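Chains, contacts and geometry: an overview
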Amino acid sequence: MEQSIAELYENEWYVVRHSGEIPEIALHSALYFLTRDKIGPQLELTEVQLKGLQDAALSRFREIILRDILSENIGTSAYRGLSRCMANYQRYLKFCQRQSLEVGLREQVHRQLIVFLEEELRIVRGDYRSSSIDCSWNNFLEFYEQFFPNSPLSSAQITDISILFL
């Protein structure tokens, strides 16, 4: 039985929303299949349909960025590390720029990053385990200063969290 247009769209939305590490590639694959692929439905997507697929990619970006700055994920197969979070955040910002989308995660990522670092510091200072941070202090500072320039770290924060880095 042939799939309906709605089913084809829904399947592609699902693939984008639950894609792997690079949601932008999944989005472009879905757009290609739905609009240009000779074996696809060759649709003219409505603005609502396009926005739905973009929102699915944004949701996946949010999920993978926050995944790596949630302390409870450390030690699980899902955890990829702070360096991956930083790389995915940069990909997210570039994606938003290329798609002319509003960047909506900045404050949430900033808040969660600070919580993550404070929790990591508490754990390391308590000798519960060594730091899980997988990037250098200089790489982190460069990232932080570039993407959160309106929220500088205090001198006390710098002194405290610098011990967590390679």
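Counting from 1, residues in each chain are numbered in the order their sequence is written. Owing to the predicted nature of the model, reporting of local features is limited to residues with pLDDT of at least 70; listing and counting of side-chain atom pairs is limited to 80 or more, with chain, interface and lining totals taken over all residues. Heavy atoms throughout the structure, all of them, feed into the side-chain values; hydrogens and water do not.

Here a strand is any run of E in DSSP of at least two residues, a helix any run of H or I of at least four, and the numbering for each starts at the N terminus. Scanning the protein from N- to C-terminus turns up 7 helices and 0 strands. Starting at the N terminus and ending at the C terminus, the protein contains elements arranged as α-α-α-α-α-α-α. A compact globule built from 166 residues would reach a C-alpha radius of gyration of about 15 Å, whereas the protein, at 19 Å, exceeds it by more than 25%. Referenced to the eigenvectors of the C-alpha coordinate spread, the extents of the protein come out at roughly 60 × 30 × 20 Å. Burial status across the protein gives 43% buried among its 166 residues. A separation threshold of at least 6 residues defines the contact pool for the protein, and within that pool the share at least 24 residues apart is 64%. We get accessible surface area from the Shrake-Rupley algorithm with a probe of 1.4 Å; when it comes to residues, only the shown protein chains can shield them. Of the roughly 9,700 Å² of accessible surface on the protein, a fraction of 51% belongs to carbon and sulfur atoms. Our radius of gyration looks at C-alpha atoms and nothing else; its globule reference is 2.2 Å times the residue count to the power 0.38. Burial classes follow relative accessibility: with a 1.4 Å probe on protein chains only, a residue under 20% of its type's maximum area counts as buried, one over 50% as exposed, and anything between as partly exposed. By definition in these notes, contact holds between two residues if any of their heavy atoms fall within 4.5 Å.

This part is about the environment of glutamine 157. The residue glutamine 157 is located in helix α7 (residues 155-161) in this model. Spatially, the C-alpha atom of glutamine 157 lies 22 Å from that of leucine 105, the residues being 52 residues apart in sequence. At 2.8 Å, the side chain of glutamine 157 and the backbone nitrogen of serine 154 are in polar contact. The definition of a polar contact used here is a pair of N or O atoms within 3.5 Å, where within protein one atom must be able to donate a hydrogen and the other to accept one, and adjacent residues in sequence count solely through side-chain atom pairs.

Take helix α1 (residues 5-17) next. Here α1 is 13 residues long and its end C-alpha atoms lie 18 Å apart, about the 18 Å a rise of 1.5 Å per residue gives. Buried within α1 are the following residues: Leu8, Tyr9, Glu12, Val16 and Arg17. Within α1, the buried residues cover an arc of 165 degrees as seen down the axis, which keeps them to one side. Away from its buried face, by an angle of more than 90 degrees, α1 presents the exposed residues Ala6, Glu10 and Tyr14. Tucked inside the fold, the buried residues of α1 contact α2 (23-35) and α3 (47-67). To estimate the expected span of a helix, count its residues, drop one, and scale the result by 1.5 Å. This arc is built from the directions going out from the helix axis to the C-beta atoms.

Let us now look at the packing of α2 against α3. Axis lines are fitted through C-alpha atoms, for helices just across the contact stretch, and the angle between N-to-C directions can take any value from 0 to 180 degrees. Close contact between α2 and α3 brings their axes to 9 Å; oriented N to C, the two are set at 160 degrees. Viewed along their axes, α2 and α3 adopt a mutual orientation that is roughly antiparallel. For the pair α2 and α3, the crossing hand works out as right-handed. Counting all contacts with α2, which are made through Pro23, Glu24, Leu27, Leu31 and Leu34, the residues of α3 involved are Leu50, Leu53, Gln54, Ala57, Arg60, Phe61 and Ile64. Of the residues that constitute the contact of α2 with α3, the class distribution is 9 nonpolar, 1 polar and 2 charged. Between 65 and 115 degrees an angle is taken as roughly perpendicular, under 35 as roughly parallel, over 145 as roughly antiparallel, and anywhere else as oblique. Handedness of a crossing follows from how the near helix is turned relative to the far one, being left-handed for an anticlockwise turn of less than a right angle and right-handed for a clockwise one. For this classification, Asp, Glu, Lys and Arg are treated as charged, while Ala, Val, Leu, Ile, Met, Phe, Trp, Tyr, Cys and Pro are nonpolar and the rest, including Gly, are polar.

When a carboxyl oxygen of Asp or Glu lies within 4 Å of a side-chain nitrogen of Lys or Arg, that pair is called a salt bridge. In the structure shown here, the tally under the stated rule is 10 salt bridges. The partner of glutamate 21 in a salt bridge is arginine 84, and the shortest N-O contact between them spans 3.0 Å. Taken together, the residues span a long stretch of sequence, with glutamate 21 in the loop between α1 and α2 and arginine 84 in helix α4 (residues 82-98) at a distance of 63 residues. Overall, arginine 84 belongs to the partly exposed group, its relative accessible area being 30%. In the salt-bridge network here, residues are joined through shared partners; they are Glu21, Arg67, Asp68 and Arg84.

This part takes up the environment of glutamate 119. As for its placement among the helices and strands, glutamate 119 is situated in helix α5 (residues 106-125). Taking the C-alpha atoms as reference points, glutamate 119 and serine 71, 48 residues apart in sequence, are found 7.1 Å from one another. Here the side chain of glutamate 119 touches arginine 122 through a polar contact of 2.7 Å, side chain to side chain.

Before going further, it helps to spend a moment on the packing of aromatic side chains. Each pair of aromatic rings taken from Phe, Tyr and Trp, with Trp reduced to its six-membered ring, is defined by centres within 6.5 Å and is described as stacked if the planes are under 30 degrees apart, edge-to-face if over 60, and tilted in the remaining cases. Per the counting criterion, the structure on display carries 13 aromatic pairs. Measuring from ring centre to ring centre gives 5.7 Å for tyrosine 89 and phenylalanine 147, while their planes differ by 85 degrees; the resulting arrangement is edge-to-face. Residue tyrosine 89 is found in helix α4, and its partner phenylalanine 147 is found in helix α6 (residues 137-147); the two are separated by 58 residues along the sequence. The exposure classification of tyrosine 89 matches that of phenylalanine 147, with both residues buried. Members of the aromatic cluster, connected to one another through ring pairs, are Phe61, Tyr89, Tyr92, Phe95, Trp137, Phe140, Phe143, Tyr144, Phe147, Phe148 and Phe165.

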